[in-house]
Structures are given as structure tokens and as C-alpha cells.
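These are the residues of each chain, in order.
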There are 2 protein chains.
Amino acid sequence: GPTPTDGVVAEPKSVALVGTGLIGGSIALAARARLGATVVGVDPDPAPALEIGAIDEAAALPEALDGAAVAFVATPVAALAPTVTAVLAAAPAGCLVTDTGSVKRAVVAATDDERFVGGHPLAGAETGGARGAREDLFDGATWYLTPTRRSSGLQLERLHRLLTDLGARPAVLDAETHDRMMAAVSHLPHVLANVLVGQAARALGGEHAGAFGQVGPSFRDATRVAGANPSLWGEIYAANGDALVAELDAVLAALQDVRARLAGGESLEGWQAGAAAQRDALSAATAGEALAELRVVVPNRPGVVADVALTLSREGINLADMSLAPSADMATGALALWVPAARAERARTLLAELGLSA
Amino acid sequence: GPTPTDGVVAEPKSVALVGTGLIGGSIALAARARLGATVVGVDPDPAPALEIGAIDEAAALPEALDGAAVAFVATPVAALAPTVTAVLAAAPAGCLVTDTGSVKRAVVAATDDERFVGGHPLAGAETGGARGAREDLFDGATWYLTPTRRSSGLQLERLHRLLTDLGARPAVLDAETHDRMMAAVSHLPHVLANVLVGQAARALGGEHAGAFGQVGPSFRDATRVAGANPSLWGEIYAANGDALVAELDAVLAALQDVRARLAGGESLEGWQAGAAAQRDALSAATAGEALAELRVVVPNRPGVVADVALTLSREGINLADMSLAPSADMATGALALWVPAARAERARTLLAELGLSA
């Protein structure tokens, strides 16, 4: 199958990390080990990240950005927008700036700087602290990228490749879709885990707690994230409140329906079978796929590459990899895209509709 | 610490298993390997259990019970009551009869035979089929016992010891409490897993499914049991419908409360912290404990041993082990009980209230 060609932008040798907890520390470890990068960390308490060898040195803003090729902002969600703004103000002209927040609309809306591309790795969110950091935390993990039409195509391509080199699987989508989806597949499961623990505490509570020994593997699986990092998760729920409320409304309706059918003596076997089919469909959709390579020449103006990625994403076509090589005069660029082979024809059509022939 | 003394009832060398799926097949493997038992299996299709060497031979009722010392009924939930009744009719005089159903009230109410003690191992419920059977399936797993006051104390003690020998951790409680508790810690998590998969299918569905790659470890954990074995789980939901409806009502109230607070802009950090505390309390309650041994002399009449076990269970005092040695004239028995050391004083008081001095 096709393999990515080398891009024209050198790998970043100087990385700034603002927020050196579990996510930041793991990025730092991977960047040092896998990219040979020098990492400068910014944190109210950089000691743990220094002790585990995640960062080469600690510094403060704006000095930490001196000469940085890439800056990651990995603070708690509520601090993302002001921190990204401060980092962009301090960052050199060509510096790629990204973040790792699990809610994306607010931080993406906070800047129209072309150097910024929002990001969100699906890893490690339920715990925290640099001492849990691991070089391989992102191996095989989905890492969402949420560029806007204002984002530089070169920076998007650079970030995509950088994250692939860190071991992750980047996937581009818009911030709105990301936040709606995370409400369903991450924030809602956390809420339900809390509710389940509350129900169990009531059922097993007080005098009965000791009598019940274990509670079985299905309960442990279902409640693994219950009560995770209250200050971090309080911020996440708040930042994605509207999308989470919409999910809760749908869950309330679904549970009321199940309750009525159960109370009415109706069999739930068909409902259970429906869930099995949905689970199978989700598993199939997330399995590995053969890739096809598409090449187009794109004009070198802001928004083009992000527009391509988002247009494909809106029809469920994931960019498994991408590469952008500007022409000598920088007027155009050769853009190579790797998409699922089964969707290659549709991707060609969409590219043609954007005025690009593949 | 104290260790159980040998009881007077010899280990069963002849075991009948009615229903040789995952649970029955695993009991059979463990009984053969760990008790040196000969196992006769009853199943519409005994071939898989024979092929994996779980049963020595296949037979039909009532012949399968000839000479059986113990009979396990491990059919789907809806078939338990009639099957247990048929097995009791065919079983020899001293034969212990138990079942493995995950809902207990109906099967326990179906008989007043003193040889029957209801049971429920917390293992393997989400899959099925003898080919998944494992000798170690019950190692360390809680195995609930739901005797009634009509159950023979000798049979209860014998079953308790037998299950310990199979690797499980027996815990005695009444059928009502069991079913309420299972609604909270097992049946409800299965319902919520289905609902989560439905929400995700909607959020990721159709054209978007391919775009979203993985959905993160918290979602996979939360939905591991979604859609599990529809015919088996349809029966479980129905058999425990009233208790599950009560749990759903409590969940609906809890979710409506969370939704209102979120929509009102209230921080959920305190609520998340509360869930963390509940989760910690549940974990602490299920951790290992030092044991103390209590010895009492009990009159040899029906219900005494079950009464002791249930009285302790109602105050959350689990019997980690028990041993009953009848006197030579069978008029009384020496009952040894192992309970958490921290609860030994309370257990002594409860025994005294039953007219037994420890």
C-alpha cells in the first residue's frame, strides 16, 4: 500500500509544553524519546516532570517559547483559552501551537491565529499527574484535530505527522462535532458511572456493604471512571454543558421507554439484540481498513487544507495520513491524502467539488 | 489465623449438572479437577461439554440423578423453577440441589424442599457456551447463597464448603436482598450499557462512523456488556422486572437532578467528588479482611443454620467460611463460623439473641 512521503517541514527539535501533568508529561517523554526533541516545560510545579525526565528544563511564559518549533498547551480545560492566547502571543512566527483539551469549541473560538490547531488525545483523561506519564501513552490512540478554515494547512499537516510520529492516530473533525461526540462517548459515560456508583452505594450501603464482597466484573467495568478527578471533570462537564444536557435528555427518554416496557411486562430481548447489533456496528466501524492515496495540487492560501480535511470528515472519511509539499515558489502545494480505500471514490468526488482534481 | 476444620460430610464424588453451558461447564471442569468428582451432564446438546472434557457422560432426567451427591441446575433463568422441581423429584434422599441463576426469588419460592439452597456465582454471565468454560472461572469470585429457613443447615454448610473448594467465595443473603442488589450492580449496568451504545451509534452513526476511529477506553469499559446474550438477558430483566424498575426510577431521578444542575450552570465538581467518595467506600468494603472464628452448638432442626447465616448477613456480616459437625446422636451440631474480625463482637451478640452462645 501507499506510504507517506516525507514532508518539507523538519521535525521539531524544540518543543514547549505548557502543563506537565499526565498528558503533557507523556507528550514530553515521547517527544524526547521518539523525535529527539528538547522539551521546555511550563507548570506551577514542574518538579515531577523534571524528576521523571519528561522535560529538559522548566521555564515561565513567555521565555519558555523562545525558539520553540511546537507548543502544546495541556492545562485543565478552563485554563485552555487564556493560556493558548498567551502562548500564541509569545510564540515565534512559524511555531505550531496546539492544545490537548477534551472540549474544543471555546478554545478554538478564542483565536483566529493561523498557527493554532486544536487537538484532543483520547488517553489518560481519568487520572492525572506527571508521575503517571508514559512514553507510550498515545500508541494507537485516536488524537482528534479540530482545525478551522483559519488554520494554516502547513501547520495542520505538520501536527498530523508529528502526532503520528508520537504513536497516535490523528483524526480531523470540526470542534462542534467533536464536542457533541465526546458528550456521547466520554462525558455521558462518566456521568452514568457516577450514577451507578450512587445506586450501588445505596443498595450495598451502610450495614450491607461488608456482606457483598465483590460486585462482579460488569459493575467494575461500568464504574471504572466514577468520581475521576473531580476538579478536572467538573470543568469538562461545565465546558460541554449544552451538549451533555442534550445527551442526558436522550438518555432520559430511552430509560423512560425501557422502564415502561419492563413495567408493562414486555420482553426486552429484542431491545437487547438491537444493542448487540449497534455494538457490532460500532466495532466494525472502528476496525482497521485498507488505505488509498489521493494526490491533489492545492493553492497555498489559508484554510484550503483544513477545508479539505473537514469536508472529508463531514462524510465520515478519516485521513489516516496526510502530507503537504509546497512548490518552490510557495504558490501551490502537493497534498497527498490517505483515506479508506472503500471511500476513495467518494473522496475524489468531494475533492472535485472543492475545485481540486485527484 | 483460624482455618476451617474438616466437616463430617464427605466431598461429593458424584455430581449432576443440568445445563452445561459456560457456568455449568466451568463447574463441571472444576469439580472434576479439584474434587475428583464424576460429573453427569444433562443438556439438549451435551456435545460441547463432552468434547472439552467437562462431563464424564451425558444423561437425561431422571436417570442423571441416580446416585448423585450434588446437583447443580445451571439453565437459563426462565427454566430454573420447573427444572429445580424436576431435579428434586428425581434426586436421592441426601442429595444437595442448588442452582446458578442470577435472579433468585422465583426459584427459591418454587420449592420448600430442605435439600435445596439457591445460588448465584458472579462470573461469566455475559457470554455463554461450554466452549468458553474454564476450571478457574470462579477463582476468587463471589458466589451468593440464598437459603431459606426451610433449607437444611447441613446442606447449606456443605454447599458453602464445596464452593470454597471450587475456588469461589460464598456469601449468604436472602433472595429478596439478592435480587434488589443485583438490580443495582448488575442488571442496571447492563441496561445503561445498552443505552450508551445507542447514544454512541446515534452520535457516530451513518456517515460519521468511520471518521471517529476509536472511542476511547472509558467508552469501551462502559459498554463491554452491551447487547450481551439477548435471550439470556431478556429473561433476566423479566425475572427481576420489579426490582429493575425501582432502580430505573432512582436513576431517572438522579439524571434529572444532574441535568437540572448542569443546565442551571451549577458546578458538578462536588457531585463528582461525592461519586469518588462512594466509589472509595465501595472499594474499601470489598477489600480483604482479617477473620475471627466463632463456635456455637446448634440444635439439629431445619432452619437453624440458615437462620444464623441470614441473621448475620442482614447486618452485613459475611461468612467467609463455615463448618458444621453433627454430634454422634445427631441431636446437635458444632457450628464454626469465620467472620470479619472487626464484626466478631456484633456477631456474638446476634448469636446470643438467637439463643446461641459463642
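From a predicted model like this one, the values you see are computed outputs, not experimental measurements.

1. Digging into the overall build of chain A
Then comes step 1: Assigned secondary structure in chain A consists of 12 helices and 11 strands.
Then comes step 2: Burial status across chain A gives 56% buried among its 358 residues.
Then comes step 3: Considering only contacts in chain A between residues 6 or more positions apart, those separated by 24 or more positions represent 71%.

2. Some remarks on the side chain of B:Glu247
Then comes step 1: Mapping B:Glu247 onto the fold places it in helix 9 (residues 241-263).
Then comes step 2: Buried charge B:Glu247 goes without a salt bridge, the closest partner of opposite sign being A:Arg202 at 4.8 Å.
Then comes step 3: The contact partners of B:Glu247, leaving out residues within four places of it in the chain, are A:Gln199, B:Arg180, B:Ala183, B:Ala184 and B:Leu188.

3. A short note on the sheet that holds strand 3 (residues 57-58) of chain A
Residues and elements named next belong to chain A.
Then comes step 1: The sheet built from eight strands is open, its strands ordered 3-2-1-4-5-6-7-8 with mixed pairing. Edge positions in the open sheet fall to strand 3 and strand 8 (169-172), since each of these has one partner strand only.
Then comes step 2: In this sheet, strand 5 (residues 96-99) lies alongside strand 4 (residues 70-73) in parallel orientation, the contact comprising four bridges. Among the inter-strand pairings, Ala-71 is bridged to a residue of strand 5, identified as Val-97.
Then comes step 3: Together, strand 6 (116-121) and strand 7 (142-146) form the strand contacts of helix 6 (residues 175-204), whose direction differs from that of strand 7 by roughly 140°.

4. Section: the pairing of strand 1 (residues 14-18) of chain B
All names here are of chain B.
Then comes step 1: Burial within strand 1 is extensive, with four of its five residues counted as buried.
Then comes step 2: Direction of pairing for strand 1 relative to strand 2 (residues 38-42): parallel, over a ladder of five bridges. Looking at the pairing, Leu-17 lines up with Gly-41 of strand 2.
Then comes step 3: For the crossover that starts at strand 1, traverses helix 1 (residues 22-35) and ends in the parallel strand 2, the hand is right-handed.
Then comes step 4: When strand 1 meets strand 4 (residues 70-73), the two strands line up parallel, connected through four bridges. Considered in strand 4, the bridge of Val-18 is made with Val-73.

5. What to know about the packing of helix 6 of chain A against helix 9 (residues 241-263) of chain A
Residue and element names in this part refer to chain A.
Then comes step 1: Running from amino to carboxyl end, helix 6 crosses helix 9 at an angle of 65°, the nearest separation of the two axes being 9 Å. Every pair of crossing elements has a handedness; the one defined by helix 6 and helix 9 is right-handed. Taken together, the residues of helix 9 that come into contact with helix 6 (itself represented by Asp-179, Arg-180, Ala-183, Ala-184, His-187, Leu-188 and Val-191) are Ala-243, Leu-244, Glu-247, Leu-248 and Val-251.
Then comes step 2: For the contact of helix 6 with helix 9, the class distribution of residues is eight nonpolar, one polar and three charged.

6. Section: the interface of chain B and chain A
As a measure of interface size, the accessible area lost when the parts come together is often cited.
Then comes step 1: Each partner contributes to the interface: chain B provides 89 residues, whereas chain A provides 89 residues.
Then comes step 2: Across the interface of chain B and chain A, roughly 8100 Å² is buried in total on both sides, 67% from carbon and sulfur atoms.
Then comes step 3: Applying the counting criterion to the chain B and chain A interface returns two salt bridges.
Then comes step 4: A salt bridge links B:Asp249 to A:Arg259; its shortest N-O distance comes to 2.5 Å.

What counts, and where the lines are drawn
Residues numbered from 1 in each chain as written. Chains lettered and ligands numbered in written order. Predicted model: local features only at pLDDT ≥ 70, side-chain atom pairs only at ≥ 80, totals over all residues. Heavy atoms only, no water. Helix = DSSP H or I, 4+ residues; strand = E, 2+ residues; numbered from the N terminus. Buried < 20%, exposed > 50% of the residue type's maximum accessible area, 1.4 Å probe, protein only. Contact = heavy atoms within 4.5 Å. Lys, Arg positive; Asp, Glu negative; His and termini not counted. Salt bridge = Lys/Arg side-chain N within 4 Å of Asp/Glu carboxyl O. Pairing = 2+ DSSP bridges. Axes fitted to C-alpha atoms, helices over the stretch in contact; angles between N-to-C directions. Right-handed = clockwise from strand over helix to strand, strands pointing away. Left-handed = near helix turned anticlockwise from the far one by under 90°. Nonpolar A, V, L, I, M, F, W, Y, C, P; charged D, E, K, R; others polar. Buried area = accessible area lost by both parts, 1.4 Å probe.

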